[in-house]
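If you want the building blocks of each chain, they are given just below.
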Amino acid sequence: NGQILPIAQMAIASFANANGLTREGNNYYAQSASSGDPFISTGLSGANGTVQQGALESSNVDIAQEFTNMIIAQRSYQANARTITVSNEILQDLVSIIH
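Residues numbered from 1 in each chain as written. Predicted model: local features only at pLDDT ≥ 70, side-chain atom pairs only at ≥ 80, totals over all residues. Heavy atoms only, no water.

Regarding the overall build of the protein
The number of helices and strands found in the protein is one helix and four strands. Reading the protein from its N end, one meets helices and strands in the order β-β-β-β-α. The dimensions of the protein, computed from C-alpha atoms along their principal axes, are 85 × 50 × 15 Å. For the protein, buried positions account for 5% of its 99 residues. A separation of at least 24 residues holds for 42% of the contacts in the protein among residues at least 6 apart in sequence. In the structure as shown, the protein presents an accessible area of about 9,000 Å², 56% of it carried by carbon and sulfur atoms. (Helix = DSSP H or I, 4+ residues; strand = E, 2+ residues; numbered from the N terminus. Buried < 20%, exposed > 50% of the residue type's maximum accessible area, 1.4 Å probe, protein only. Contact = heavy atoms within 4.5 Å. Areas by Shrake-Rupley, 256 points an atom, 1.4 Å probe, with all protein chains shown as cover.)

A look at the pairing of strand β2 (residues 22-25)
Pairing of β2 with strand β3 (residues 28-30), which is carried by three bridges, proceeds in the antiparallel orientation. By the bridge assignment for β3, Thr-22 is matched with Ala-30. Here β2 folds back onto β3, and the loop between the two strands holds two residues, one of which, Asn-26, carries a positive phi near 55°. (Pairing = 2+ DSSP bridges.)

What about unusual backbone geometry?
The phi dihedral of Leu-44 is positive, around 60°, even though this residue is not glycine. Residue placement: Leu-44 occurs in the loop between β4 (38-41) and α1 (63-98).

Considering the side chain of Ser-35
Mapped onto the elements of the fold, Ser-35 is located in the loop between β3 and β4. One polar contact links the side chain of Ser-35 to the main-chain carbonyl oxygen of Ser-32, over a distance of 2.9 Å. Contact partners of Ser-35, with chain neighbours within four places excluded, come to Phe-15, Ala-16, Asn-17, Gly-20 and Leu-21. (Polar contact = N/O pair within 3.5 Å; in protein donor to acceptor, adjacent residues only side chain to side chain.)

Let's talk about the side chain of Ser-32
With respect to the element layout, Ser-32 can be found in the loop between β3 and β4. Overall, Ser-32 belongs to the buried group, its relative accessible area being 16%. A distance of 3.2 Å separates the side chain of Ser-32 from the side chain of Ser-34, its partner in a polar contact. The contact partners of Ser-32, leaving out residues within four places of it in the chain, are Gly-20, Leu-21 and Thr-22.

Description of a nonpolar patch on the surface
A cluster of nonpolar side chains, Val-61, Ile-63, Phe-67, Met-70 and Ile-71, forms an exposed patch at the surface whose accessible area comes to about 470 Å². As for its position among the elements, Met-70 is in helix α1. (Patch = residues over 30% accessible without salt bridge, like charges linked within 9 Å, V, L, I, M, F, W, Y side chains within 5 Å. Salt bridge = Lys/Arg side-chain N within 4 Å of Asp/Glu carboxyl O.)

Re the environment of Ile-40
Mapped onto the secondary structure, Ile-40 falls in strand β4. Taking the C-alpha atoms as reference points, Ile-40 and Ala-13, 27 residues apart in sequence, are found 4.4 Å from one another. Setting aside anything within four residues of it in sequence, one finds Ile-40 in contact with Ala-11, Ile-12 and Ala-13.

Looking at the confidence of the model for the protein
Looking at the protein as a whole, its pLDDT mean stands at 87, while 99% of the residues score no less than 70. No element of the protein has a lower mean pLDDT than strand β1 (residues 12-15), which averages 88, and none a higher one than α1, which averages 92. (pLDDT = per-residue confidence, 0-100.)

In structure tokens:
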């Protein structure tokens, strides 16, 4: 019938010291003694913002680690390519010796 009814609300927690949260990995954080207790309320109340649908968050990728991984992959590729080249040269020499 085209009517839109709110049936639920998402709770948003904020902390007095957000930098005091303990990093759990994979972009998860946990409350700690230095972060203080969470203030749980709805969006746009108190110091809380909103949850925006379809928005992308800022990147949380460790660029140094990704560059390191890329260099390792590149060197592995080069080593494998060199191995194939050397194997090919050995086979060509072997074929030339046999003929």
